[in-house]
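# Overview (structure and organization)
For reference, the chains in residue letters:
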Amino acid sequence: MTGIADGAGAVTATPAAGTPVKTPSTMGLGVSLPPTDSAAKTSGTFPYAADLWAEGLLWAAVLRAPHPHARIRSIDTKQAVEMPGVRAVVTHTDVPGDASHGRRVADRPVFAKDLVRHHGEPIAAVAADHPDTARLAAAAIAVEYEVLEPVTDPEQAFSAEPLHPDGNLVRHIPLSFGDPDVVGEVIVEGLYRIGRQDPAPIGAEAGLAVPRPDGGVEIYTASTDPHADRDLAAACFGLEPERVKVVVTGVPGAMGEREDPGMQLPLGLLALRTGHPVKLAATREESFLGHAHRHPTLLRYRHHADSQGKLVKVEAQILLDAGAYADSSADTLAAAVSFACGPYVVPHAFIEGWAVRTNNPPSGHVRGEGAMQVCAAYEGQMDKLAAKLGLDPVELRMRNVMATGDLLPTGQTVTCPAPVAELLQAVRDAPLPSLPKDDPEEEWLLPGGLEGAGDPAAVRRGVGYALGMVHMLGAEGTDEVSTATVKVTGPVATVICAAVETGQGFTTLARQIVQDVLGIEEVHVAPIDTDQPPAGPASRGRHTWVSGGAVERAAKMVRTQLLQPLAHKFGMSTELLTIADGKITSYDGVLSTTVEEALEGKELWATAQCRPHPTEPLDETGQGDAFVGLAYCAVRAVVDVDIEIGAVRVVDMTVAQDVGRVLNPRQLRTRIEAGVAQGIGAALTENLRTSRGVVRHPDLTGYALPTALDVPDIHIVKLVEERDVVAPFGAKAASAVPVVTTPAAVAAAVRAATGRPVNRLPIRPQAAVVNNRT
């Protein structure tokens, strides 16, 4: 047998001459089954939240604060209320239930009452007959502010006056592992800064709230965690949870918990007040101001090693800017501190981490949270250490890589597959792209664009490497659970599970699982609402694991119901029967029938749950078994840098990833490529800039997303399929770890091209300029 790379970079077998070739299956796990909604999305007919409509519809608008820090002296809504076409105006005085909300800590007001704590904080909301009327009415609300000095430097938050009744400190983790007095023969230090990356979803937030006859309300929105949103809304509205229903509409892409509750809650309040359906479609500016962003981070590092490059000790200080409210900052800090040393064996580690409140825009969950920031720092340190020791950067990493059985600095043993050395070797050994002089017929795209402004003689090529890691599912005692039901009626199966499809491919996976277990080709996934049992948030690849596991268990229970009558009839156990390609056969060939014939006239169903093994919170020294599983990635970046103007062009990205098991090759490749593209944005262009807490240019002109011209060929050279035995399919999360690793690899490549330290993301042009080029 010989091996050839398929479209996802995996290896497929080529049979020897004369060997019968089995026709590959067109359904089930391991097949590139296309999404059922792909045609609707590409043709523009897919119903997103912004497309919703209802009879008697009113339009909403939200008044947002123009200051990052101010005392509210008065709010006068009289002029807005008296405008023709205005049906209702609500402020903090109109919230009947809990006036504050939050993902982890209820510290964020629905509407600002006494203080404004960040630019864009909601002050009031209006419902009117026309969207223009609603916007004009919101602008007519007179708010008298006493502008206060904002706290925008997270280092100043420690000594500043409290910005919130809960204080400025969200969380502090002092991790201690090993002997603090150990000193290495070689020491390198570094200071690193990571900017504020925005999820920048394709579609801005939108939703529709519809009042119910029982005094409740239904909210139609692109939620990624509908049950959490329902509970939050019910508490705000002063209603029982069963009187609030959240219906998930088409999600136009998500990078975690992307929706802004500050939009959904005013919608529901306005619908309850007016008795009419109320719709809000956020502008791009409102989207930037409302939802959470990646935590800007300041990191100070000191690495100790022996003369051979073996790591001895890592010391680090990590400061996360949580913005005005806590959100998921405590979770992000736990990930940052726990992974501060990277996928390397470090016998002694002392990491101190803080998350603090400021008057900057709110921070929260964005793909690879915490892990991405520290990856840029520890990989920068590894490059510094290699340079000081005169070692090849890859060789230095090889001498320190983690493997199964090693310990994290939290004291947790790595029990899952950790093929870090194999991944690094794969990207190191992959062919490098040719230089322009080696291939003169190929048009050379200069940094800065086609026929760029720079001098070709000033262009330098650099190659950089990075290793990254992320955790899967929740951490520190989070109860991860999901429930799914599988129903079979004749030749059709239906999956009922509240796992939201955010682009990660869960609905396709659910269909493949049922096809694999039951041999039924036609599988439908039911629409999602909160009348179904909860499945939890769509983040950290958890639906592949937890919700996919629940679907598999339910399908297996239906399988048993299907096979038991046949097994009883032929005097054998169900374990002796197999289902493949729509056929049921026994081990001895006596029984052979189709699934469709066995199901004729029957209706079968089963409900099951999946709950991974429990974790525990980190203790007062940062120790504990806090994570269910880990995933790893190696990335090699090749860049061309114009060292006179500082322009950077990414020429090539090579990826090797620990995936556990390939469930859908094409879908997996797409997820990895998307993660690399997002990482390139974080490395070179994406930074939501602020001036004294005020967001500058909150639009897609001022916030530079990478385009197709910025993302090069992405070569996935190795997918390591070493199954994680505790995962339902052995598969690992695929999207977050390339996002985490790519920025560090690009920074390493720019360092290699310029000799400059490159300790800030995104990389500024001045950081890539070499004044005295030769």
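Residues numbered from 1 in each chain as written. Predicted model: local features only at pLDDT ≥ 70, side-chain atom pairs only at ≥ 80, totals over all residues. Heavy atoms only, no water.

### A word on the overall build of the protein
Looking only at helices and strands, one finds 15 helices and 33 strands in the protein. Taking 774 residues into account, the globule formula puts the C-alpha radius of gyration at 28 Å, and the protein, at 27 Å, falls close to it. Projecting the C-alpha coordinates of the protein onto the three principal axes gives extents of approximately 85 × 80 × 60 Å. For the protein, the proportion of contacts with a sequence separation of at least 24, taken over those separated by at least 6, is 79%. Of the roughly 30300 Å² that the protein leaves accessible, carbon and sulfur atoms contribute 51%. Across the protein, the centroid of the 67 positively charged side chains sits 1 Å from that of the 93 negatively charged ones. (Helix = DSSP H or I, 4+ residues; strand = E, 2+ residues; numbered from the N terminus. Rg over C-alpha atoms; globule rule 2.2 N^0.38 Å. Contact = heavy atoms within 4.5 Å. Areas by Shrake-Rupley, 256 points an atom, 1.4 Å probe, with all protein chains shown as cover. Lys, Arg positive; Asp, Glu negative; His and termini not counted. Charge placed at Lys NZ, Arg CZ, Asp CG, Glu CD.)

### As for unusual backbone geometry
Here L761 and P762 are connected by a cis peptide whose omega angle stands at -5 degrees. With phi around 50 degrees, R692 is a residue other than glycine that occupies positive phi space. Relative to the assigned elements, R692 resides in the loop between β30 (690-691) and β31 (694-695). We note that H697 has phi near 55 degrees; this positive angle belongs to a residue other than glycine. Residue position: H697 is located in the loop between β31 and β32 (713-720).

### Topic: the pairing of strand β24 (residues 577-580)
Side chains of β24 alternate between two faces, with L577 and I579 buried and T578 and A580 left unburied. In the sheet, β24 pairs with strand β25 (residues 583-586) via four bridges, with the strands oriented antiparallel. By the bridge assignment, I579 is partnered in β25 with I584. Here β24 folds back onto β25 in antiparallel fashion, the turn holding two residues, of which D581 has a positive phi close to 50 degrees. (Buried < 20%, exposed > 50% of the residue type's maximum accessible area, 1.4 Å probe, protein only. Pairing = 2+ DSSP bridges.)

### Side note on the nonpolar core
Y301 and V486 are the most contacted members of the largest nonpolar core, which totals 161 residues. In this structure, V486 is in contact with T494, V495, V514, L518, V551, A554, A555, V558, L604, W605 and A606, ignoring residues within four places of it in sequence. Counting 28 residues, the second-largest nonpolar core is a separate cluster that includes V62, V95, L267 and L269. (Core = buried A, V, L, I, M, F, W, Y, C linked by side-chain atoms within 4.5 Å.)

### Things to note about helix α4 (residues 226-237)
The end-to-end C-alpha distance of α4 is 16 Å, a good match for the 16 Å that twelve residues give at a rise of 1.5 Å each. Summarising burial for α4: nine of the twelve residues are buried, a large majority. Residues of α4 that are buried: P226, H227, D229, R230, L232, A233, A234, C236 and F237. Packed against the buried residues of α4 are β6 (100-101), β14 (217-221), β15 (244-248) and α5 (261-274). Positive backbone phi, at 70 degrees, marks G238, one or two positions downstream of α4. (Expected span 1.5 Å × (residues − 1).)

### A short note on the packing of α4 against α5
When two helices pack together, their arrangement is given by the angle between the helix axes and by the axis-to-axis distance. Between α4 and α5, the shortest axis-to-axis distance is 10 Å and the interhelical angle comes to 50 degrees. By the angle class used here, α4 and α5 are oblique. Regarding α4 and α5, the two cross each other, and that crossing is right-handed. Side by side, α4 and α5 meet where D229, L232, A233, C236 and F237 of the first sit next to P261, Q264, L265, G268, L269 and L272 of the second. Partitioning the contact of α4 with α5 into residue classes produces eight nonpolar, two polar and one charged. (Axes fitted to C-alpha atoms, helices over the stretch in contact; angles between N-to-C directions. Parallel < 35°, antiparallel > 145°, perpendicular 65-115°, else oblique. Left-handed = near helix turned anticlockwise from the far one by under 90°. Nonpolar A, V, L, I, M, F, W, Y, C, P; charged D, E, K, R; others polar.)

### Digging into the sheet that holds β25
Pairing is antiparallel across the open sheet formed by three strands, whose spatial order is β24-β25-β26. Edge strands, defined here as strands with exactly one partner in the open sheet, are β24 and β26 (592-594). Taken pair by pair, the neighbouring strands of this sheet meet at an average axis angle of 20 degrees, ignoring direction. Along the sheet, helix α12 (residues 542-569) makes contact with β24, β25 and β26, crossing β24 at roughly 130 degrees.

### Here's the deal with the packing of aromatic side chains
Summed over the entire model, instances satisfying the criterion amount to six aromatic pairs. When the centroid spacing of 5.0 Å and the interplanar angle of 35 degrees are considered together, the rings of F339 and F627 count as tilted. With a gap of 288 residues between them, F339 in the loop between α7 (329-338) and β19 (348-357) and F627 in strand β28 (residues 627-642) connect regions that are remote in the sequence. Accessibility classification places F339 together with F627 in one group, the buried group. Judged by centre distance (6.2 Å) and plane angle (85 degrees), the ring pair of Y344 and Y378 falls under edge-to-face. Taken together, the positions of Y344 in the loop between α7 and β19 and Y378 in helix α8 (residues 371-389) put the pair 34 residues apart, joining distant regions of the chain. Like Y344, the residue Y378 is buried in the burial classification. (Phe/Tyr/Trp six-rings, centres within 6.5 Å; stacked < 30°, edge-to-face > 60°.)

### Remarks on the packing of helix α11 (residues 506-518) against α12
Relative orientation of the contacting elements α11 and α12 amounts to 30 degrees, with a least axis distance of 9 Å. Put simply, α11 runs roughly parallel to α12. Judged by the twist between their axes, the crossing of α11 over α12 is right-handed. For the pair formed by α11 and α12, the contact residues are F506, L509, A510, I513, V514, V517 and L518 on the first element and H543, T544, S547, G548, V551, E552, A555, K556, V558 and R559 on the second. Among the residues forming the contact of α11 with α12, the class breakdown is ten nonpolar, four polar and three charged.

### Notes on the environment of L509
For L509, the position within the fold is in helix α11. Once the C-alpha coordinates of L509 and G28 are considered, the two residues, 481 residues apart in sequence, prove to be 8.7 Å apart. Filtering out sequence-adjacent residues up to four positions away, L509 remains in contact with L29, T544 and L663.

### A closer look at the side chain of T615
Topologically, T615 is positioned in the loop between β27 (603-610) and β28. Accessibility expressed as a relative area gives 14% for T615, which makes it buried. Among the polar contacts made by the side chain of T615, one reaches the main-chain amide nitrogen of G477 at a distance of 2.7 Å. When neighbours within four sequence positions are excluded, T615 is seen to be in contact with A475, E476, G477, T478, D625, A626, F627 and V628. (Polar contact = N/O pair within 3.5 Å; in protein donor to acceptor, adjacent residues only side chain to side chain.)

### Regarding the environment of R760
With respect to the secondary-structure elements, R760 resides in strand β33 (residues 760-761). In this structure R760 comes out as partly exposed when scored by relative accessible area, which is 35%.

### A word on the pattern of salt bridges
Evaluation of the coordinates by the stated rule reveals 35 salt bridges. With its nearest N and O atoms 3.9 Å apart, the salt bridge here joins E218 to R212. Of the two residues examined, E218 and R212, each falls in the buried class. The shortest N-O distance in the salt bridge between R542 and E480 comes to 2.6 Å. Of this pair, R542 sits in helix α12 while E480 sits in the loop between β20 (459-475) and β21 (482-489), placing them 62 residues apart in sequence. (Salt bridge = Lys/Arg side-chain N within 4 Å of Asp/Glu carboxyl O.)

### Description of helix α15 (residues 736-754)
When the terminal C-alpha atoms of α15 are compared, their 29 Å separation across 19 residues agrees well with the 27 Å that a helix rising 1.5 Å per residue should span. Burial analysis of α15 places 18 of its 19 residues in the buried class, the great majority of the element. Positive phi shows up at G755, right after α15, with a value of about 75 degrees.

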